[in-house]
Amino acid sequence: MNEVSRSIEDQQAATPPRSAGAALRFLVIALTAFLTVVDLFATQAILPSLTKHYGVAPAAMGFAVNSSTMGMAVSGLAVGYFSRTIDRRRGILLSLVLLAIPTTLLAHAPDLTTFTLLRVAQGLCMAAAFTLTLAYLGEHYSAGDSASAFAAYITGNVASNLIGRLISAAVADHFGLAANFYFFAALNLLGAVLVYFTVEKAQPMKDMGGGMNSHFEAWIMHLNSPSLRASFAIGFCILFAFIGTFTYVNFVLVQPPLGVGSMTLGFVYFVFLPAIATTPLAGRAVKRFGTRPTFWGALLVAALGLPLLVLPSLPAVLVGMVLMGVGTFFAQACATGFVSRAATSDRGSASGLYLASYFFGGLIGSAVLGAIFDMFGWSACVAGIGGALLVAALLAVFLKTPMAPATR
């Protein structure tokens, strides 16, 4: 009996370190994600100020700010293509260091064209780090742990949406637009320092057979999978809807009848706070309910927010933004983790294809929904967002892996 008691005590004593280790791992992964993509959406918080600064229409400025997704789509494909020959740690580190260059230059962009090209350059660097990190997580953790690892990464992405926007609005309001970009360049370098000390050196997955054809074979293999094809298209729809919501709602918020001030606009993005709490649960939800039911539930939450976005009431719009944030980020965590599990080999290539589709969806969403917003108004824009969520829900029928079997 004493031996049994001692055994139980030993197990209990061993549990806290494991829990502490898991919490630290979650924090490091989330912080890495935060510092990798903080530039992506933070600039949306100062869209009205940038529109005034460059003297252009909202749709033109929205497209310029979101043109980073063009660079991310191209970079996702390129890095995915060569992923099996790229050292993960070195690639992530170099990408974050280089990211600080276009971020700094944005402080002195003389016109909208230069601004757009620098945002594209930011996207190239961000997506390189993003793609290699996803590949690293998929290769470094077991199938069971990877769902939580990807949820941690997406949680950091959510945090960058909230904290990045708050920082951007505050710095721009108090110190000007140029100081805003200098500050974010410093955050890029801080991300490189974090990666240097926390990411282990890991060899990329073995080549499939040498030669250029093997890279195309990997893409063809992934695209021949109905589940992966569906997940790539779902990624497109998710960012299409997200960009449409959180880009053009800024203009709705600052105009009558809502009339939110430029500084207050940053605090509006506390609507992402609930998503920071809920997104880490995505991995656990997928393990318990399966990918498809979890994904459909996330999209339902997002869809419930759409009617609230068109009401002439600030509290209603804020609640709608909360539901959209919670739903889309939860759905993204499901989809990102699914790609890693469904790709039986060359996860870097699969992640690259997913991210290219994901960010291409953001670019198209910015252009299409921006045009709809300019020509037909916010209600029509929200209807387009709803259409994207509906398509994503239909595509989820094809999401089938051992962790989300057809019977679930």
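Residues numbered from 1 in each chain as written. Predicted model: local features only at pLDDT ≥ 70, side-chain atom pairs only at ≥ 80, totals over all residues. Heavy atoms only, no water.

K.L.:
Outline the overall build of the protein, listing residues and values.
P.N.:
Along the backbone of the protein there are 17 helices and zero strands. Evaluated residue by residue, the protein yields a buried proportion of 55% over its 408 residues. In the protein, of all internal contacts separated by at least 6 residues, the share reaching a separation of at least 24 is 84%. Total accessible area on the protein is roughly 16100 Å²; 70% of this is exposed by carbon and sulfur atoms. (Helix = DSSP H or I, 4+ residues; strand = E, 2+ residues; numbered from the N terminus. Buried < 20%, exposed > 50% of the residue type's maximum accessible area, 1.4 Å probe, protein only. Contact = heavy atoms within 4.5 Å. Areas by Shrake-Rupley, 256 points an atom, 1.4 Å probe, with all protein chains shown as cover.)

K.L.:
Lay out the nonpolar core with the relevant residues and their values.
P.N.:
Judged by nonpolar contacts, the single largest core of 113 residues is most densely connected at Phe115, Leu253, Tyr269, Phe272, Phe295, Met321 and Trp378. Considering every element that reaches this core, the biggest residue donor is helix α10 (residues 226-254), with 17 residues. Beyond its immediate sequence surroundings of up to four residues, Leu253 is in contact with Leu258, Gly259, Val260, Leu265, Val268, Leu314, Val317 and Met321. By size, the runner-up hydrophobic cluster in this structure holds ten residues, among which are Val171, Phe184, Leu187 and Leu194. (Core = buried A, V, L, I, M, F, W, Y, C linked by side-chain atoms within 4.5 Å.)

K.L.:
Lay out the environment of Ala33 in plain terms, naming residues and giving numbers.
P.N.:
Counting through the fold element by element, Ala33 comes out in helix α1 (residues 2-42). Separated by 123 residues in the primary sequence, Ala33 and Gly156 have C-alpha atoms spaced 4.9 Å apart. With residues up to four places along the chain from it excluded, the contact list for Ala33 reads Tyr153, Gly156 and Asn157.

K.L.:
Explain helix α2 (residues 47-54) to me, using residue names and the numbers behind them.
P.N.:
All of the buried residues along α2 are Leu47, Leu50, Thr51 and Tyr54. All buried residues of α2 fall inside an arc of 105° around its axis, so they share one side. Projecting away from the buried face of α2 at angles above 90 degrees are the exposed residues Lys52 and His53. Against the buried residues of α2 lie α3 (58-66), α6 (112-140), α8 (177-198) and α10. (Arc of directions from axis to C-beta.)

K.L.:
Lay out helix α5 (residues 88-105) in plain terms, naming residues and giving numbers.
P.N.:
Along an α-helix, residues three or four apart share an orientation, since each turn contains 3.6 residues. Taking 1.5 Å per residue, 18 residues should reach 26 Å; α5 reaches 27 Å between its end C-alpha atoms and fits that length. Residues of α5 that are buried include every one of Arg88, Gly91, Ile92, Ser95, Leu96, Leu99, Ala100, Pro102 and Thr103, and no others. For α5, the N-terminal capping position is held by Asp87, with its side-chain oxygen 3.2 Å away from the main-chain nitrogen of Arg89. (Expected span 1.5 Å × (residues − 1). Polar contact = N/O pair within 3.5 Å; in protein donor to acceptor, adjacent residues only side chain to side chain.)

K.L.:
Lay out the packing of α3 against α6 with the relevant residues and their values.
P.N.:
The description of two packed helices rests on the angle between their axes and on the distance between the axes. Between α3 and α6, the least distance of the axes is 7 Å, while the angle of their chain directions is 30°. Contacts from Ala60, Met61, Ala64 and Val65 in α3 reach Leu112, Phe115, Thr116 and Arg119 in α6. When the residues that make up the contact of α3 with α6 are grouped by side-chain class, the tally is six nonpolar, one polar and one charged. (Axes fitted to C-alpha atoms, helices over the stretch in contact; angles between N-to-C directions. Nonpolar A, V, L, I, M, F, W, Y, C, P; charged D, E, K, R; others polar.)

K.L.:
I'd love a proper account of the confidence of the model for the protein, names of residues and values included.
P.N.:
Caution is warranted with low-pLDDT regions, since their predicted coordinates should not be read in detail. Per-residue confidence for the protein gives a mean pLDDT of 83; residues scoring 70 or more make up 86%. When mean pLDDT is compared element by element in the protein, helix α17 (residues 378-395) scores highest at 96, while α1 scores lowest at 66. Of the regions scoring below 50 in pLDDT, residues 1-18 engages in zero contacts with residues more than four places distant in sequence or in other chains. Segment residues 206-212: pLDDT under 50, and ten contacts once partners within four positions in sequence are set aside and those in other chains are kept. (pLDDT = per-residue confidence, 0-100.)

K.L.:
Let's hear about a nonpolar patch on the surface: which residues, and what values?
P.N.:
A cluster of nonpolar residues, Phe63, Met70, Val74 and Leu124, forms a patch on the protein surface that exposes about 310 Å² of accessible area. Turning to its location among the elements, Phe63 is positioned in helix α3. (Patch = residues over 30% accessible without salt bridge, like charges linked within 9 Å, V, L, I, M, F, W, Y side chains within 5 Å. Salt bridge = Lys/Arg side-chain N within 4 Å of Asp/Glu carboxyl O.)

K.L.:
Please provide a residue-by-residue account of the environment of Gly377, values included.
P.N.:
Position of Gly377 relative to the elements: it lies in the loop between α16 (347-376) and α17. For the pair Gly377 and Tyr248, spaced 129 residues apart in the sequence, the C-alpha separation amounts to 9.9 Å.

K.L.:
Run through the side chain of Asn180, naming residues and quoting values.
P.N.:
Along the chain, Asn180 falls in helix α8. When sequence neighbours within four positions are dropped, the list of residues in contact with Asn180 reads Ile46, Ser168, Val171 and Ala172.

K.L.:
Mind laying out the packing of aromatic side chains, listing which residues take part and the relevant values?
P.N.:
For the structure on display, the rule yields 20 aromatic pairs. When the centroid spacing of 5.1 Å and the interplanar angle of 85° are considered together, the rings of Tyr196 and Phe197 count as edge-to-face. The structure contains a cluster of three or more aromatic residues connected by ring pairs, namely Phe41, Phe242, Phe246, Phe272 and Phe329. The positively charged end of Arg89 is found above the aromatic ring belonging to Tyr196, 4.9 Å away from the centroid. (Phe/Tyr/Trp six-rings, centres within 6.5 Å; stacked < 30°, edge-to-face > 60°. Lys NZ or Arg CZ within 6 Å of the ring centre and 35° of its normal.)

K.L.:
I'd like a description of the packing of helix α13 (residues 282-289) against helix α15 (residues 314-342), backed by residues and values.
P.N.:
Put simply, α13 and α15 touch, their axes get as near as 9 Å, and they point 65° apart. In the packing of α13 onto α15, the handedness of the crossing is right-handed. Taken together, the residues of α15 that come into contact with α13 (itself represented by Ala282, Ala285 and Val286) are Phe330, Ala333, Cys334 and Arg341. The residue makeup of the contact of α13 with α15, split by class, is six nonpolar, no polar and one charged. (Left-handed = near helix turned anticlockwise from the far one by under 90°.)

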